[in-house]
Amino acid sequence: MYYELWAKTLREMGFKGGNVDPCLFYRVNKLGTVYIAVYVDDNLIIGDEAAVNDVIDTMKKKGFKLKIDETLNDYLSCRIVFNKDRSKAWVHQPHIYKKLRSQFGHLVSETAFVTPGTPNQYIRSEEDVNNRISDEQHKSFRSMVGLLNYLVKLTRPDIANPVRNVAKGLASPGPLALKEALRISKFTLDTDSYGLLLRLDTRNRNNGKWILVVYSDSDHAGDPETRKSVSGFVLFLNGIPICYKSKSQATVSLSSSEAEWIALSEAVKEILFVVQLLRDIGIRVDTPVIVKVDNIGAIHMAENVTSGSRTRHIDIRTKFVREYNSGKDPLIKIIFCKSEDNVSDICTKNLTRELHEKHSKALVGKIDWDKWSSK
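Our subject in this report is the structure included herewith. (Residues numbered from 1 in each chain as written. Predicted model: local features only at pLDDT ≥ 70, side-chain atom pairs only at ≥ 80, totals over all residues. Heavy atoms only, no water.)

What follows is about the sheet that holds strand 2 (residues 24-29). The strand order across the open sheet formed by four strands is 1-2-3-4, and the pairing between neighbours is antiparallel. Looking at the sheet topology across the chains shown, the edges are occupied by strand 1 (16-17) and strand 4 (42-47). Across the sheet, helix 1 (residues 2-12) touches strand 1, strand 2, strand 3 (32-39) and strand 4, and the angle it forms with strand 3 is around 170°. (Pairing = 2+ DSSP bridges. Helix = DSSP H or I, 4+ residues; strand = E, 2+ residues; numbered from the N terminus. Contact = heavy atoms within 4.5 Å. Axes fitted to C-alpha atoms, helices over the stretch in contact; angles between N-to-C directions.)

Turning our eyes to something else, we now look at the pattern of salt bridges. This model, assessed by the stated rule, comprises nine salt bridges. Taking the shortest distance from any N to any O, the salt bridge between arginine 101 and aspartate 192 comes out at 2.9 Å. Taken as a pair, arginine 101 in helix 3 (residues 94-104) and aspartate 192 in the loop between helix 6 (175-190) and strand 7 (194-198) lie far apart in primary sequence, 91 residues in all. By relative accessible area, which is 40% here, arginine 101 ends up partly exposed. A relative accessible area of 24% means that aspartate 192 is categorised as partly exposed. (Salt bridge = Lys/Arg side-chain N within 4 Å of Asp/Glu carboxyl O. Buried < 20%, exposed > 50% of the residue type's maximum accessible area, 1.4 Å probe, protein only.)

A word on a nonpolar patch on the surface. Judged by side-chain polarity, Tyr39, Val40 and Leu76 come together as a nonpolar surface patch covering roughly 290 Å² of accessible area. Following the sequence through the fold, valine 40 ends up in the loop between strand 3 and strand 4. (Patch = residues over 30% accessible without salt bridge, like charges linked within 9 Å, V, L, I, M, F, W, Y side chains within 5 Å. Areas by Shrake-Rupley, 256 points an atom, 1.4 Å probe, with all protein chains shown as cover.)

Here we take up helix 4 (residues 135-154). Note on helix geometry: an α-helix contains 3.6 residues per turn, so any two residues three or four positions apart are oriented the same way. Its 20 residues give helix 4 an end-to-end C-alpha distance of 29 Å, which sits within 8% of 28 Å, the value for a rise of 1.5 Å per residue. Where helix 4 is concerned, the buried positions are His138, Phe141, Met144, Val145, Leu147, Leu148, Leu151 and Val152. Close packing links the buried residues of helix 4 with helix 3, helix 5 (160-167), helix 6 and strand 10 (240-248). (Expected span 1.5 Å × (residues − 1).)

Turning to the environment of isoleucine 299, a few remarks are in order. Of note, isoleucine 299 is situated in helix 8 (residues 296-303). Looking at isoleucine 299, the relative accessible area reads 9%, which means it is buried. Placed 264 residues apart in sequence, isoleucine 299 and tyrosine 35 show a C-alpha to C-alpha distance of 38 Å. The residues contacting isoleucine 299, other than those within four sequence positions of it, are Val293, Ile334, Ile335 and Phe336.

Let's shift gears to the environment of glutamate 127. Turning to its location among the elements, glutamate 127 is positioned in the loop between helix 3 and helix 4. Relative accessible area serves as the criterion here: at 66%, glutamate 127 is assigned to the exposed category. C-alpha separation for the pair glutamate 127 and proline 173, spaced 46 residues apart in sequence, amounts to 8.9 Å. Discounting chain neighbours no more than four positions away, the residues touching glutamate 127 are Arg132 and Glu225.

Bringing the pairing of strand 3 into the picture now. Taking every second residue as pointing to the same face, the buried face of strand 3 carries Gly32, Val34, Ile36 and Val38, while none of Thr33, Tyr35, Ala37 and Tyr39 on the other face is buried. The pairing of strand 2 with strand 3 spans six bridges and is antiparallel. Note on strand 3: the bridge partner recorded for arginine 27 is valine 34. Pairing geometry for strand 3 and strand 4, over six bridges, is antiparallel. Looking at the pairing, tyrosine 35 lines up with isoleucine 46 of strand 4. Taken together, strand 3 and the strand that follows it, strand 4, pair antiparallel across an intervening segment of two residues, in which valine 40 is found at a positive phi of about 55°.

Before going further, it helps to examine the packing of helix 3 against helix 6. Where helix 3 contacts helix 6, the two axes come as close as 11 Å, and the packing angle between them is 130°. Viewed along their axes, helix 3 and helix 6 adopt a mutual orientation that is oblique. Seen along the crossing, helix 3 lies across helix 6 with a hand that is left-handed. From helix 3, Tyr97, Leu100 and Arg101 reach across to helix 6, where they touch Ser185, Thr188 and Leu189. Considered class by class, the residues forming the contact of helix 3 with helix 6 number three nonpolar, two polar and one charged. (Parallel < 35°, antiparallel > 145°, perpendicular 65-115°, else oblique. Left-handed = near helix turned anticlockwise from the far one by under 90°. Nonpolar A, V, L, I, M, F, W, Y, C, P; charged D, E, K, R; others polar.)

In this section: the packing of helix 4 against helix 5. At a minimum axis separation of 10 Å, helix 4 and helix 5 run at an interaxial angle of 150°. With respect to their mutual orientation, helix 4 and helix 5 come out roughly antiparallel. The hand of the helix 4/helix 5 crossing is left-handed. Across the interface between the two elements, Phe141, Val145, Leu148, Asn149 and Val152 from helix 4 touch Ala160, Val163, Val166 and Ala167 from helix 5. Of the residues that constitute the contact of helix 4 with helix 5, the class distribution is eight nonpolar, one polar and no charged.

This part covers the packing of aromatic side chains. Within the structure shown, the criterion is met by five aromatic pairs. An angle of 25° between the planes, with centres 5.9 Å apart, marks the rings of tyrosine 2 and tryptophan 6 as stacked. Residue tyrosine 2 and its partner tryptophan 6 are located together in helix 1, separated by four residues, close to a single helical turn. Look at phenylalanine 320 and tyrosine 324: their rings are 5.5 Å apart centre to centre, the planes differ by 70°, and that puts the pair in the edge-to-face class. A residue pair is termed a helical-turn pair when its members lie 3 or 4 positions apart in one helix, as phenylalanine 320 and tyrosine 324 do in helix 9 (residues 315-325) at four residues. A residue is classified by how much of its surface remains accessible, and tyrosine 324, at 22% relative accessible area, is partly exposed. Taken together, the ring pairs in this structure connect Tyr2, Trp6 and Phe64 into an aromatic cluster. Across the ring face of phenylalanine 82, the terminal group of arginine 86 is positioned such that the distance to the ring centre comes to 4.0 Å. (Phe/Tyr/Trp six-rings, centres within 6.5 Å; stacked < 30°, edge-to-face > 60°. Lys NZ or Arg CZ within 6 Å of the ring centre and 35° of its normal.)

Written as structure tokens, this is what we have:
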């Protein structure tokens, strides 16, 4: 009822949107542009000051009781912090770090780790009942992974793959799974001043259109238990990471090119949603969207209209990607990038210190607490 009333009122006020994502609306008039994100009764209104003030005044006149908070210190348990000149910002989750430290800070080792996950470490469910951790430890393990996963969801893509890795042992974890989860917790608590980095890249803007750049990667047959591959992708909008994923593939891939192709198809699905969402709220997107992969075979599969016996069983994904990679006005353009430059590599495997630090810099950053503003 609340949402229906709110959405109806916004549309009466001239707002558009809400088709792709029912919680996003926008309006453009002589006062400027304003965007509204609706989340239950926590609504975020951003835009030109005059346009924002007009929306607030109108809503009050219509009988809505509004509690106005001009800071972004606590929105959906997140804190958005700007530096003084507002050239960049960070999204931080102080409540989750506090809970993680209070519940598990006494369990982590004093040893500092330079990466969140042990390189080449793969967790599996413990089949031998005698080798599983105790029920009490299991309960703590599940809570720990849940908190870590919530950090991954909103602000810490740099720990996405290690958390996905330990989550495989949720049902029946052994000592190794618990040890690895504690390692991730230790690394995360030691870097609790880090947040998702929002640093706008205004280069190469094409007539005011917004730029999407996507990185896609896979780790072929890395899981020794199932030999399933891992898909990973990162979407940057004007230089800001807005979507990322680390996920085990549903089927076993017979080649690295096939694993890359499956990962690529997942990235394309996300691109479709983001492009449709941006267009729905009046934002023009520059096309074709550049998709960067580090596998030549996957690029050949995108350009070759024939389907050999090796790839026939992924024919649906093949045709799906090619549909948006071909034609007179393609939505995407797939290009090659070196493995060491593929940011999504951090979503597919536990990396060495050098690579982890390199890719992390594009995704998260340390908050300048002595040079920040909440407005």
